[in-house]
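Letter by letter, the chains look like this.
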Amino acid sequence: MHKKHLGFVFRSSPYAGLNAREGIEALFASAVFDPKLSVIFRDDGVFQLLNVNTNNEHTKNTSKMLASLPLYGIDELLAEKESLAARKIDISSIKLPLKLFDRSEFHRIAGNCDHILSF
Amino acid sequence: MNNEVFETDDEGFLLNLSDWNAAIAETIAQREDIQISEAHWEIIQVIKQYYSEYDHSPAMRPLVAYIKKNLAEEKASSIYLMKLFPGSPAKLAAKIAGLPRPENCL
Amino acid sequence: MTLHIINKSPTNDRSLLDCLHSLGTGDTILLINDAVYALCCECKVTIGLLNQLGEEKLFFLEEDIELRGIKLNQVEFDYTEINYLEFVDLTTKHNPILSWC
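Observations regarding the interface of chain A and chain C
Accessible area lost on assembly of the parts is the figure often given for the size of an interface.
Reasoning step 1: Between chain A and chain C, the residue contacts involve 17 residues of the former and 18 residues of the latter.
Reasoning step 2: When the two sides are added together, the surface that chain A and chain C hide from each other amounts to roughly 1500 Å², 52% of it contributed by carbon and sulfur.
Reasoning step 3: Between chain A and chain C we count one salt bridge in total.
Reasoning step 4: Salt-bridge contacts for E76 of chain C lead to K88 of chain A; the nearest nitrogen and oxygen are separated by 2.8 Å.
Reasoning step 5: Counting every contact that joins chain A to chain C gives eight residue pairs in polar contact (both at pLDDT 80 or more).
Reasoning step 6: Taken together, the residues that form the side of chain A that touches chain C break down as eight nonpolar, six polar and three charged.

Structure follows, in structure tokens:
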């Protein structure tokens, strides 16, 4: 049977609202069904990639939650170059196995998915 | 033997993570008809370690992957976990370890 | 003199730039919540305007910077980090207070 290919587009910064958290939880929940999964970080969503070491008792540490992605069998983790550059994010400090893509490729990447959820 | 008072939610998950200790783990396990053995403790330790590293309770798949990486390959299987924590291993192990309910667990 | 408080990410919202373009002489800006991402901002116009304020007139809430894991080694303008007590202090010393929402 054809495996569904799900795309998760993370566009929200991690701590301003619940959007980022909800996206990660939806991703974890979807992984249970073992679809093909692509996770795409762009716009302010790339801020989720910054490592946070301090523990805050009021909020979950989303960077810690994201660090577990390789254990969930995610097929590709992608981040948009332009979004990273506009925020001076140096990906050498990021531990996740990220692949970078150009903004012009987004259309094609999205086109490969059967269904896309944006958070 | 154990008169400690601790609060749980309707499903028996500990409300305050900081309340947790071995005696409480035994009590929660007994409610689930589980007698904790060395093999259980091992998994409980691993799932607690997962929680402190990744800030959430794991579903089955990441738990198995984590056990493979941090404990032993032969213990990294759902069959092994199913024997120790029958029914829903990730959920039961989290409960006994005093962690929140895995939100993505079926 | 006015204290402008901004809480939105400058890469996702115009309030920081709009505020910077309409500042009065002697006004102070405090950046909190997602607005602290201004520290990673690469936009030359924003950086230029922030640079004109200097550390006496430009404040960032320390706790919000730490929570977001922002690296401070590339910041191209001067500013002051403050804690919650200093935040309160700042609000008592200014009138009016304009919260950009």
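Having seen it, we continue.
Section: the packing of aromatic side chains
Reasoning step 1: Counted by the stated rule, this structure contains 14 aromatic pairs over all chains.
Reasoning step 2: Ring centres of F28 of chain A and Y72 of chain A lie 4.2 Å apart, and the angle between their planes is 5°; on these two criteria the pair is classed as stacked. Within this pair, whereas F28 of chain A is found in helix α1 (residues 19–31), its partner Y72 of chain A is found in the loop between α2 (62–67) and β3 (76–80), the two being separated by 44 residues in sequence.
Reasoning step 3: Geometrically, the ring pair formed by Y54 of chain B and Y66 of chain B is edge-to-face, given 5.9 Å between the ring centres and 75° between the ring planes. Of the two residues, Y54 of chain B is situated in helix α2 (residues 38–54) and Y66 of chain B in helix α3 (residues 60–70); the sequence distance between them amounts to 12 residues. Judged on exposure class, the residue Y54 of chain B and its partner Y66 of chain B are both buried.
Reasoning step 4: Through a chain of ring-to-ring contacts, the aromatic side chains of F8, F10, F41 and F119 of chain A assemble into a single cluster.
Reasoning step 5: We note R87 of chain A situated over the ring of F47 of chain A; from NZ or CZ to the ring centre the distance is 5.7 Å.

Regarding the sheet that holds strand β1 (residues 5–10) of chain A
All names here are of chain A.
Reasoning step 1: Ordered in space as β4-β3-β2-β1-β5, the five strands form an open sheet in which the pairing is parallel. The open sheet has two edge strands with one neighbour each: β4 (99–101) and β5 (115–118). Sheet twist, expressed as the average angle between the axes of neighbouring strands with direction ignored, equals 25°.
Reasoning step 2: As paired elements, β1 and β5 share four bridges and run parallel to each other. The residue bridging F8 from the neighbouring strand is L117, located in β5.
Reasoning step 3: Packed on one face of the sheet, α1 meets β1 and β2 (36–41) and runs near 165° to β1.

Focus: the interface of chain B and chain A
Reasoning step 1: Residue-level contacts link 16 residues of chain B with 17 residues of chain A.
Reasoning step 2: Note on chain B versus chain A: buried area summed over both sides is about 1400 Å², and carbon and sulfur give 55% of it.
Reasoning step 3: Where chain B touches chain A, the interface holds one salt bridge.
Reasoning step 4: In this structure, D34 of chain A and R61 of chain B form a salt bridge, with 2.8 Å as the shortest nitrogen-oxygen distance.

Cut-offs used in this document
Residues numbered from 1 in each chain as written. Chains lettered and ligands numbered in written order. Predicted model: local features only at pLDDT ≥ 70, side-chain atom pairs only at ≥ 80, totals over all residues. Heavy atoms only, no water. Contact = heavy atoms within 4.5 Å. Buried area = accessible area lost by both parts, 1.4 Å probe. Salt bridge = Lys/Arg side-chain N within 4 Å of Asp/Glu carboxyl O. Polar contact = N/O pair within 3.5 Å; in protein donor to acceptor, adjacent residues only side chain to side chain. Nonpolar A, V, L, I, M, F, W, Y, C, P; charged D, E, K, R; others polar. Phe/Tyr/Trp six-rings, centres within 6.5 Å; stacked < 30°, edge-to-face > 60°. Helix = DSSP H or I, 4+ residues; strand = E, 2+ residues; numbered from the N terminus. Buried < 20%, exposed > 50% of the residue type's maximum accessible area, 1.4 Å probe, protein only. Lys NZ or Arg CZ within 6 Å of the ring centre and 35° of its normal. Pairing = 2+ DSSP bridges. Axes fitted to C-alpha atoms, helices over the stretch in contact; angles between N-to-C directions.

Read these as layout, nothing more, since geometry by itself doesn't imply function.
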